[in-house]
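Working through the structure, step by step
Listed below, chain by chain, are the residues.
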Amino acid sequence: MTNSIDGIEKSNCIFIIGSNTTANHPLVSRRVMRAKEKGAKLIVADPRGIQLSRFADVAIRHKLGSDVALLNGMMHIIIKNGWHDKDYISKRTEGYEEFAAEIEKATPEITALATGVSEEDLYRMAEAYGTAGAASLLYAMGITQHVTGVDNVKSCCNLAMLCGNVGIPGGGVNPLRGQNNVQGACDMGGLPNVFTGYQPVTDEKARAKFSEAWGCTLNEKPGMTITDMIPGILEGKIKGLYVIGENPKLSDPDWNHLNHALQELEFLVVQDLFLSETAQVADVVFSAAALAEKEGTVTNTERRCMKYDQAIPPLGDTLPDWDIIARLGTAMGYPMHYKNTEEIFDELTALTPSYAGMTYKRLGYDGLQWPCPSEDHPGTVYMHKDTFSRGLGKFHAVAYQLPAEQPDTEYPFSLTTGRMFAHFHTGTMTRVSPHLDIEQEDGYVEINPRDARKMDVKEGELLTICSRRGELDVPARLTTSVEPGTLFLPIHFGENAANILTSSEAFDPLAKIPEFKVSAVSVKKYKVEAPAEAQVEAEVEAVS
Amino acid sequence: MKCTFVPSICSYCGTGCGVLFETIDGKLISTIPMKSHPVSGGKLCIKGWNLHEHINSPMRLKKPLVKTFGRFINTSWDEAIQITADRFKDIIEKYGPDSIGVLVSAKMSNEENYLAQKLARAVFGTNNVDHCARL
Amino acid sequence: MKRKVKEWLEDGTVDLFLGYRMNCGHPLPHCFTKEEIDDVEHLLVSRTRYSLEKIATHLAKRDPELKIGLLARDCNQRAINVLTIWHQLDKDKIFALNVNCCPSPIKPQADCSYMSGEQTSSYKVQVGIDNLMDIEKADDFSDQEKNVRWMYEFQKCLKCYGCRNICPVCFCAECTLEHKDLIGPGRLPPQIPIFHLVRAAHMAGRCIDCGLCEDACPMDIPLRLLYRKVGEIVKNVFDYNTGESSEQSPLSLLGEKVSLSLKPM
Ligand code: SF4
Ligand code: SF4
Ligand code: SF4
Ligand code: SF4
């Protein structure tokens, strides 16, 4: 996030696109609701009807994958009405001309056609955002998990810059990170092309710095992303894989593809709390200690690095992740001896300019928001105040593209995936939690009652869903929060894993994020009639 | 009897709400929202409130495992680490460092992520490091 | 006060004492013991409120013989009363060190974090329920308006169960709110208004108006007001003063599998 979570409350207008905030970032939705109650305008754009739509001043359901079209259309109206911030554009940005030429094409008629949103609603959205003053844009996986993910993000940035909303309190472009320390994992160089703090591995200076600190020579070739690694395994390029705390068997876009790949590996090590689907096919499994059993820091979506403490000793024969990694490094002939996580933290802050001013002592329990370059720097509440990281903010001319897969006669439905409020990611942690399990024990698919009626499917009855990749059976949940022709499948449930249906071939060419949000599928009622629950009850009654 | 309240951060989403783990005699009893936390101010969602439950789960792995003849057996840390180190060394020798991939985790701490990419880059000698946030 | 706590710990009046202390600038609950008696110097009395009596019930469940001391504001004291009436705490094993404070209408004129709360935002006052409203005012709305306003509030619910989890007098092992047949699981918002009304009904004769539930509600739903209304009914109809009367309330609804005796878990 360029701005802060509590800063949302200072906003005059909040535009949420592609985020079911109350379910996935509940404590962010709190701030949104508070802003709304303080008088801010709320715009919600989501292919599904979400809880926040009920409170929105403008709530629209655009077609799956039409985000760029929608944003371009909004910007067209904003420019036509002169609501853009001309002063900001000329002083702080570049590339406007080319961008404006692209936007010129996105007339309301064209946009309405591409997105399924009425021209009137488009106008109201544009007006609410364009005339608000400080407006905050929030988005999540609904924007990034598309073939056009990078384009979607660029369009969000375009919109924010167009109205002068980057670098002011209450404004900003605010991606909501799905997992607790995605931000930290990226900051710490958990990416194939950069060291900590986004210092490129191709940069000679950065390499020299790390090579001196670590006492070794470093590979200058950027590595493979996870979306490259899987085919890499099949092509025999990757032979050994070390998976830490992840469950790609459920989170990877294409289950069959991955399953096959994992079997091809010569050696797979998985480090986790549980024997997850992925750990089950590993050669060695490292039993890791859990959150309460260790200390360390995490960085949340507003760039706040926060410290957590150890509450209980590690269970049985488990070790904190850092200890396992250090032992492995040492066993491979590279001594990694650390007394505690603070030593590691001090080593990494010395190598990472944006974290340079942080120490455990300074973090306390409030944490600090990076960039925090020196010991006397108070941290950064909102970024790009006077200048962008690259100097001038760049407008990108982005043209709208259709999603990789369109519904057709064979696969007439669009399937989208996501999370529900009581579970997290692949469910390895939440499904073993009794109070969360009770809230939702099994998977389900959301279908519009109209579609369900046509197929004579009632609540809880099984549906068979097929895509070009595979098929699965899953109970129906009837709700108008999905439009007719659309299905929503939560990702948490291994027994009806969404990635059996989604595609591994469609991903964003730059960010390598797979298109989870749109697949074409067909739906029919499960062939063997599942008896209704009441009927089962009656039968059981009769027997006993 | 000893009872403690230890500050921690909820790990179920990127919001990063502040919690206190209530422990009695070294056992995790409950999760309490931390009232003075700058992000969450004493409120949590359903996941945060039940943060302690997955840690107390009987399904947790308690020992490192190695697979021999298709079945997992419990092993010691020394052995698990040694086997892994040997196998990785073999692979690097045979196919070069870029034949290894490391998937770090958005659920680990900063220190652990730092160390994991250091392991990949400095020890294995590859930049094949990624995390699952794309997924 | 610190002297008293030390005395209690030293002469064995209590085995431990629940209070607060500062930790890196955050006032947090803390358990003081005889072994670390010097820590009592850091005992903090401030506006901070956690449900110490709920923690005490956790301790008592593990060791019913344990003598527990705790810092008690008026609300804590009322909760302790209710908990002892319902056999969740043993009257003879609980030693409260009273801090006089409470702002509740049950006992007016006092100072507490709750009362210094911020002004309710304008839009909420317009379409929802002002958290600072008193019962009479809230009753003034027409039935239809009441319905619309309360439904607005309930629709925001994130189903975090925070109101139940933090509540000192919610102690059922199996809670009705998680009953599948009554309240459909897995949906946001939860089924309204039944989710909130079930809990409100359960608070009759037990809610001691501490306001912790509303403090914990991420969506600022005016729960305290709702439960006050229920408390008022119990008072008017049964002449029962929750938190002060020494018997169980004549009207009480509980969840299932409630253990009404102090047994180790
Ligand atoms: S309590 Fe809920 S909103 Fe807060 S970090 Fe945890 S999952 Fe996210
Ligand atoms: S005010 Fe809320 S938390 Fe306090 S006793 Fe009543 S219901 Fe429980
Ligand atoms: S605390 Fe508020 S949001 Fe949470 S369940 Fe209770 S009423 Fe709903
Ligand atoms: S059943 Fe009622 S009284 Fe019992 S815990 Fe649930 S809400 Fe509270």
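Residues numbered from 1 in each chain as written. Chains lettered and ligands numbered in written order. Predicted model: local features only at pLDDT ≥ 70, side-chain atom pairs only at ≥ 80, totals over all residues. Heavy atoms only, no water.

Facing 30 residues of chain C, the contacting portion of chain B comprises 24 residues. Counting each side, the surface lost to burial between chain C and chain B is near 2,200 Å², with a carbon and sulfur contribution of 68%. The three residues of chain C that bury the most area against chain B are H26(C), Y50(C) and R62(C), which together make up 23% of that side's buried surface. If you look at where chain C meets chain B, you find two salt bridges. Across the pair K35(B) and D215(C) runs a salt bridge, and its minimum N-O distance is 3.3 Å. If you look at where chain C meets chain B, you find six residue pairs in polar contact (both at pLDDT 80 or more). Contributions of two or more residues to the side of chain C that touches chain B are made by β1 (16–23), β2 (26–33), α2 (52–62), α7 (162–166) and α9 (212–216) of chain C. Here the side of chain C that touches chain B is built from residues that sort into 17 nonpolar, seven polar and six charged. (Contact = heavy atoms within 4.5 Å. Buried area = accessible area lost by both parts, 1.4 Å probe. Salt bridge = Lys/Arg side-chain N within 4 Å of Asp/Glu carboxyl O. Polar contact = N/O pair within 3.5 Å; in protein donor to acceptor, adjacent residues only side chain to side chain. Helix = DSSP H or I, 4+ residues; strand = E, 2+ residues; numbered from the N terminus. Nonpolar A, V, L, I, M, F, W, Y, C, P; charged D, E, K, R; others polar.)

Right, let's get into the domain arrangement of chain A. The domains assigned to chain A are domain 1 (6–176), domain 2 (182–369) and domain 3 (413–525). One C-alpha centre belongs to domain 2 of chain A, the other to domain 3 of chain A, and the line joining them spans 30 Å. (Domains from an automatic or database assignment.)

Pairing between the strands of a sheet is mediated by backbone hydrogen bonds and can be parallel or antiparallel. As summarised here, the arrangement of the seven strands in space is β5(B)-β4(B)-β9(A)-β8(A)-β7(A)-β6(B)-β7(B), forming an open sheet in which the pairing is mixed. Strand pairing shows two members of the sheet lacking a second neighbour, β5 (71–74) and β7 (129–131) of chain B, which therefore form its edges. In this sheet, adjacent strand axes meet at a mean angle of 20 degrees when their direction is disregarded. The pairing of strand β4 (residues 65–68) of chain B with β5(B) spans four bridges and is antiparallel. Bridging from a neighbouring strand, T68(B) pairs with R71(B) of β5(B). (Pairing = 2+ DSSP bridges. Axes fitted to C-alpha atoms, helices over the stretch in contact; angles between N-to-C directions.)

All names here are of chain A. Tallied over the full model, the rule gives 24 aromatic pairs over all chains. Ring geometry for Y96 against F395: centres 5.5 Å apart, planes inclined by 70 degrees, an arrangement best described as edge-to-face. Taken as a pair, Y96 in helix α5 (residues 96–105) and F395 in the loop between β13 (393–394) and β14 (413–418) lie far apart in primary sequence, 299 residues in all. Residue classification places Y96 among the buried positions, given a relative accessible area of 16%. (Phe/Tyr/Trp six-rings, centres within 6.5 Å; stacked < 30°, edge-to-face > 60°. Buried < 20%, exposed > 50% of the residue type's maximum accessible area, 1.4 Å probe, protein only.)

Let us now look at the domain arrangement of chain B. Frequently, the measure chosen for interface size is the accessible area that the parts lose on association. The domains assigned to chain B are domain 1 (3–54) and domain 2 (65–134). Between the C-alpha centres of domain 1 of chain B and domain 2 of chain B the distance comes to 31 Å.

To continue, consider the site of ligand 2. Looking at ligand 2, the residues that line it are C167(C), P168(C), V169(C), R199(C), M203(C), C207(C), I208(C), D209(C), C210(C), G211(C), C213(C) and Y227(C). A per-class count over the shell around ligand 2 returns nine nonpolar, one polar and two charged. (Near = heavy atom within 4 Å.)

To continue, consider unusual backbone geometry. Backbone torsion omega between W370(A) and P371(A) reads -5 degrees, so that peptide bond is classified as cis. Here P371(A) lies in the loop between β12 (368–369) and β13. Geometrically, the link from I192(C) to P193(C) is a cis peptide bond, its omega value of 0 degrees lying close to zero. Mapped onto the elements of the fold, P193(C) is located in the loop between α7 and α8 (194–202). Even without being a glycine, D25(B) presents a positive backbone phi close to 50 degrees. Mapping D25(B) onto the fold places it in the loop between β2 (18–24) and β3 (27–33).

What follows covers the packing of helix α3 (residues 67–80) of chain A against helix α9 (residues 149–162) of chain A. Residue and element names in this part refer to chain A. With their axes 9 Å apart at the nearest point, α3 and α9 run at an angle of 15 degrees to one another. The pairing of α3 with α9 is recorded here as roughly parallel in orientation. α3 and α9 meet at a crossing whose hand is left-handed. For the pair α3 and α9, contact is made by D67, V68, L71, N72, M74, M75, I78 and I79 and by D151, N152, S155, C156, N158, L159 and L162, respectively. (Parallel < 35°, antiparallel > 145°, perpendicular 65-115°, else oblique. Left-handed = near helix turned anticlockwise from the far one by under 90°.)

Another aspect to go through is the environment of N247(A). All names here are of chain A. When you line up the elements, N247 lands in the loop between β7 (240–244) and α13 (248–251). Using a relative accessible area of 1% as the deciding quantity, one classes N247 as buried. Distance in space between the C-alpha atoms of N247 and Y88 is 44 Å, their sequence separation being 159 residues. Not counting residues within four places of it along the chain, the set of residues in contact with N247 comprises S276, E277, T278, T426 and T428.

With that settled, consider the sheet that holds strand β15 (residues 445–447) of chain A. Residue and element names in this part refer to chain A. An order of β14-β18-β15-β17-β16-β19 is seen for the six strands of this closed barrel, with the pairing classed as mixed. Neighbour-to-neighbour, the strand axes of the sheet open up by a mean angle of 45 degrees, direction not taken into account. For β14 and strand β18 (residues 486–490), the ladder comprises five bridges, and the chain directions are parallel. Considered in β18, the bridge of S414 is made with T486.

Bridge count for strand β9 (residues 284–287) of chain A against β4(B) is two bridges, and the pairing is antiparallel. Across the sheet, the residue bridging to V285(A) is L65(B), located in β4(B). Linking β4(B) to β5(B), which pair antiparallel, is a turn of two residues; within it F69(B) sits at a positive phi near 50 degrees.

Moving on, we get to the site of ligand 1. Taken together, the neighbourhood of ligand 1 is formed by P26(A), L27(A), C10(B), Y12(B), C13(B), T15(B), G16(B), C17(B), L44(B), C45(B), K47(B) and G48(B). Around ligand 1 the close residues trace back to chains A and B. Split into classes, the residues belonging to the shell around ligand 1 amount to eight nonpolar, three polar and one charged.

Now for the confidence of the model for chain B. Residues and elements named next belong to chain B. For chain B, per-residue confidence averages 90 on the pLDDT scale, and 97% of positions sit at 70 or higher. Taken element by element, chain B is modelled with least confidence in β7, mean pLDDT 87, and with most confidence in β2, mean pLDDT 94. Our summary of model confidence lists the complex with pTM equal to 0.87 and ipTM equal to 0.94. (pLDDT = per-residue confidence, 0-100.)

On to the nonpolar core. Judged by nonpolar contacts, the single largest core of 200 residues is most densely connected at W214(A), Y242(A), F124(B) and L18(C). Residue contributions to this core peak at eight residues, all from helix α4 (residues 110–124) of chain B. Excluding anything up to four places from it in sequence, F124(B) contacts Y242(A), L328(A), M332(A), F88(B), I92(B), P97(B), I100(B), V102(B) and L119(B). (Core = buried A, V, L, I, M, F, W, Y, C linked by side-chain atoms within 4.5 Å.)

On the surface, E533(A), E537(A), E541(A) and D181(C) cluster together into a negatively charged patch. For E537(A), the location among the structural elements is in helix α20 (residues 533–543). Of the residues examined, E537(A) reaches a relative accessible area of 48% and is grouped as partly exposed. (Patch = residues over 30% accessible without salt bridge, like charges linked within 9 Å, V, L, I, M, F, W, Y side chains within 5 Å. Areas by Shrake-Rupley, 256 points an atom, 1.4 Å probe, with all protein chains shown as cover. Lys, Arg positive; Asp, Glu negative; His and termini not counted. Charge placed at Lys NZ, Arg CZ, Asp CG, Glu CD.)

With that out of the way, let us pick up the interface of chain B and chain A. Residue-level contacts link 95 residues of chain B with 144 residues of chain A. Of the roughly 10,300 Å² buried where chain B meets chain A, counting both sides, 64% is carbon and sulfur surface. With its nearest N and O atoms 3.0 Å apart, the salt bridge here joins D98(B) to K221(A). Inspection of the chain B/chain A interface yields 51 residue pairs in polar contact (both at pLDDT 80 or more). Broken down by class, the residue content of the side of chain B that touches chain A amounts to 49 nonpolar, 27 polar and 19 charged.

By the definition in use, this model includes 49 salt bridges over all chains. Between E9(A) and K38(A) there is a salt bridge whose closest N-O contact spans 2.7 Å. With E9(A) in the segment before β1 (13–17) and K38(A) in the loop between α2 (26–37) and β2 (41–45), this residue pair connects regions lying 29 residues apart in the sequence. The class for E9(A) is buried, based on a relative accessible area of 12%. Across the salt bridge formed by D309(A) and K307(A), the nearest N and O atoms sit 2.5 Å from each other. For the pair formed by D309(A) and K307(A), the shared burial category is buried. A cluster of three or more residues bridged by salt bridges with shared partners is formed by E9(A), R30(A), R31(A), R34(A), K38(A) and D220(C).

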